[in-house]
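Okay, here's what each chain looks like letter by letter:
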Amino acid sequence: MLSVAALAAVASAFSGNVHDREFYEAKFVDFMKTHSIKATDGHHFIKMLQNFANNFDFIEKHNSEGHTFTLAINGYAHMSFEEWGQHMRFGLGMPVHEAAPLTHTFNATATPASVDWTTKGAVTPVKDQGQCGSCWSFSTTGSLEGAYFLKNGNLISFSEQNLVSCDTVDAGCNGGLMDNAFKWTKSNGGLCTEAAYPYTSGTTQVNGACNQGSCTKNTGVAPTSYTDVTKNSDDALKSALAQQPVSVAIQANQPAFQFYSSGVLTGSCGTRLDHGVLAVGYGTWTDGTPYYKVKNSWGPSWGMDGYILIEADVSQRGGQCGILSGPPSYPNL
């Protein structure tokens with residue numbers, strides 16, 4: 001039950017929003033039920049409600065402006081942009097990247113007009129990293145799963161927890177690099193499956209003790225090497241994607257990422273890499289905009305069933321959101 005002072009604060013706070021207080025309250029109560037959000041007290045309720053109202057206005061304004069992509073209310077709508085960034089644990093330190101001995105360059109003869117590995121059986125369902133800076137591990141397993149499928153003909157979901165808890169080169173919930181994880185998986189002689197070593201760090205928010213002795217490693221997923229894709233080249237990335245899914249890094253601590261819903265992400269997007277994801281294809285959207293199809297690790301309720309389309313062939317060095325600059329990379333099995 002809100003106090004008189006709290007109710008007065010609500011009325012005052014919403015004076016700068018587009019709609020009246022009752023409009024936001026009704027939608028926010030439904031939102032709380034849908035996403036199982038609970039307030040700790042009246043002041044917390046007011047704070048979340050104000051965030052929700054501000055986000056609702058931001059989304060409504062964006063969608064009225066005729067952009068190539070749309071935004072929508074999702075499970076992050078009760079958070080301010082700053083709170084969302086803290087929740088997602090962006091900007092965490094990453095180990096130093098060392099160039100791979102192998103480099104993938106453009107191969108025009110083997111690059112079709114479009115590719116989508118999700119339609120070819122090479123991509124597992126979208127996963128959720130939760131409140132752990134372990135995006136690098138999800139990007140790594142995604143690449144390994146695709147490579148394993150292409151070599152063996154069956155799709156297996158491999159364990160991110162195996163990497164988060166046991167990879168001593170990377171930093172678990174405090175960040176990592178996909179290339180480092182490929183090297184560690186090689187030295188480790190493979191990975192356990194997701195079923196045998198399930199992911200827990202998303203809820204515990206800690207790396208957890210290494211427990212891979214309790215499961216049997218699949219030695220067939222240990223890469224013999226990994227390949228870095230030529231940086232800052234759309235041609236090279238598309239050529240690599242024509243071959244297999246590719247690990248990429250992007251800058252995702254952007255307001256558009258918090259509420260992305262559909263279409264091709266265009267416009268202003270930085271190149272300060274803070275998030276590892278999996279590129280699974282490329283093509284041209286219905287409005288003629290070229291894109292890369294990217295599998296995220298924020299669950300299937302975010303974006304286009306867990307995916308985002310990021311503009312390709314932009315003039316910005318490094319590509320949209322830095323997708324070309326990582327460099328992109330993939331494992332060789």
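Please refer to the structure placed before this passage.
Residues numbered from 1 in each chain as written. Predicted model: local features only at pLDDT ≥ 70, side-chain atom pairs only at ≥ 80, totals over all residues. Heavy atoms only, no water.

J.: How do you make sense of the overall build of the protein when you look at a structure like this?
T.: When you go through the protein residue by residue, the secondary structure sums to ten helices and ten strands. Taking 20 Å as the expected radius of gyration for a compact globule of 333 residues, we find that the protein reaches 21 Å, a close match to that expectation. Across its three principal axes, the protein shows a C-alpha extent of roughly 65 × 50 × 35 Å. Out of the 333 residues belonging to the protein, those deemed buried represent 54%. Sequence-distant contacts in the protein: of pairs separated by 6 or more residues, those separated by 24 or more amount to 74%. Surface accessibility of the protein: about 14200 Å² in total, with carbon and sulfur atoms responsible for 53%. (Helix = DSSP H or I, 4+ residues; strand = E, 2+ residues; numbered from the N terminus. Rg over C-alpha atoms; globule rule 2.2 N^0.38 Å. Buried < 20%, exposed > 50% of the residue type's maximum accessible area, 1.4 Å probe, protein only. Contact = heavy atoms within 4.5 Å. Areas by Shrake-Rupley, 256 points an atom, 1.4 Å probe, with all protein chains shown as cover.)

J.: Please clarify how the pairing of strand β10 (residues 329-332) should be interpreted in this entry.
T.: The side chains of a regular strand alternate between both faces of the sheet. Burial of the side chains of β10 extends over both faces: Ser-329 and Pro-331 are buried on one face and Tyr-330 and Asn-332 on the other. Pairing of strand β4 (residues 225-229) with β10 involves four bridges; the strand directions are antiparallel. Across the sheet, Thr-227 pairs through a bridge with Tyr-330, a residue of β10. (Pairing = 2+ DSSP bridges.)

J.: Explain the pairing of strand β6 (residues 260-265) here, please?
T.: Where strand β1 (residues 69-71) and β6 come together, three bridges link them in antiparallel fashion. Within β6, the residue paired with Leu-71 across the bridge is Tyr-260. Two elements, β6 and strand β9 (residues 307-311), share two bridges in a ladder whose sense is parallel. Opposite Val-264, over in β9, you have Leu-309 as the bridge partner.

J.: Would you mind showing me how to read the state of the cysteines here?
T.: Such a bond, covalent and formed between the sulfur atoms of two cysteines, is termed a disulfide. Taken as a whole, this structure holds four disulfides when the rule is applied. Here Cys-132 is linked by a disulfide to Cys-173, with a sulfur-sulfur distance of 2.0 Å. Residues Cys-132 and Cys-173 share a disulfide whose torsion about the S-S bond is about -105°; that sign makes it left-handed. Within this pair, whereas Cys-132 is found in the loop between β3 (115-116) and α5 (135-152), its partner Cys-173 is found in the loop between α6 (160-166) and α7 (178-188), the two being separated by 41 residues in sequence. As far as the burial class goes, Cys-132 and Cys-173 line up, both buried. Through a disulfide, Cys-269 is tied to Cys-321; the S-S separation comes to 1.9 Å. Between Cys-269 and Cys-321, the disulfide has an S-S torsion of 115° and is therefore right-handed. Note that Cys-269 is positioned in the loop between β6 and β7 (275-284) and Cys-321 in the loop between β9 and β10, a separation of 52 residues in sequence. The pair Cys-269 / Cys-321 is uniform in exposure class, with both members buried. (Disulfide = S-S within 2.5 Å.)

J.: What's the story with the nonpolar core in this structure? I'm lost.
T.: Within soluble globular proteins, side chains that are nonpolar tend to cluster in buried spots. Among the nonpolar cores identified, the biggest contains 62 residues, and Phe-257, Tyr-292 and Trp-298 are the most heavily contacted of them. If you look at the next biggest cluster of nonpolar residues, it comprises 19 residues, including Leu-144, Tyr-148, Leu-163 and Trp-184. (Core = buried A, V, L, I, M, F, W, Y, C linked by side-chain atoms within 4.5 Å.)

J.: Which parts of the structure should I look at to understand the packing of helix α2 (residues 21-35) against helix α3 (residues 42-63)?
T.: Two measures define how a pair of helices packs: the angle their axes make with one another and the distance between the axes. Two numbers describe how α2 lies on α3: the axes approach to 10 Å, and their chain directions differ by 105°. With respect to α3, the element α2 is oriented roughly perpendicular. Here Phe-23, Tyr-24, Glu-25, Lys-27, Phe-28, Phe-31 and Met-32 of α2 lie close against α3, whose contacting residues are Phe-45, Met-48, Leu-49, Phe-52, Ala-53, Phe-56 and Asp-57. (Axes fitted to C-alpha atoms, helices over the stretch in contact; angles between N-to-C directions. Parallel < 35°, antiparallel > 145°, perpendicular 65-115°, else oblique.)

J.: Can you walk me through helix α9 (residues 234-241) in this structure?
T.: Quick reminder: α-helices carry 3.6 residues per turn. Residues three or four places apart thus point the same way. Of all the eight residues making up α9, seven are buried; the element is thus mostly covered by neighbouring parts of the structure. Restricting attention to buried positions, one finds in α9 the residues Asp-234, Ala-236, Leu-237, Lys-238, Ser-239, Ala-240 and Leu-241.

J.: In this structure, what is going on with α2? I would like to understand it.
T.: For α2, with 15 residues, the first-to-last C-alpha span of 21 Å sits near the 21 Å given by 1.5 Å per residue. Along α2, the residues that are buried comprise Tyr-24, Glu-25, Phe-28, Phe-31 and Met-32. The arc that holds every buried residue of α2, seen down its axis, measures 130°, which confines them to one face. More than 90 degrees from the buried face of α2, the exposed residues found are Lys-33 and Thr-34. Following α2 by one or two positions, Ser-36 has its phi on the positive side, about 55°. (Expected span 1.5 Å × (residues − 1). Arc of directions from axis to C-beta.)

J.: Looking at this structure, how should I read the pattern of salt bridges?
T.: Two side chains of opposite charge can pair, provided their charged atoms sit close to one another. Taken as a whole and judged by the stated rule, the model has nine salt bridges. When the shortest N-O distance is used, the salt bridge between Glu-25 and Arg-21 registers 3.3 Å. Residue Glu-25 and its partner Arg-21 are both found in helix α2; the two are separated by four residues, about one turn of the helix. The exposure class of Arg-21 is partly exposed, given its relative accessible area of 25%. As a salt-bridge pair, Asp-313 and Lys-238 come within 3.0 Å of each other at their nearest N and O atoms. Note that Asp-313 is positioned in the loop between β9 and β10 and Lys-238 in helix α9, a separation of 75 residues in sequence. (Salt bridge = Lys/Arg side-chain N within 4 Å of Asp/Glu carboxyl O.)

No statement about biological role is implied by the geometric values presented.
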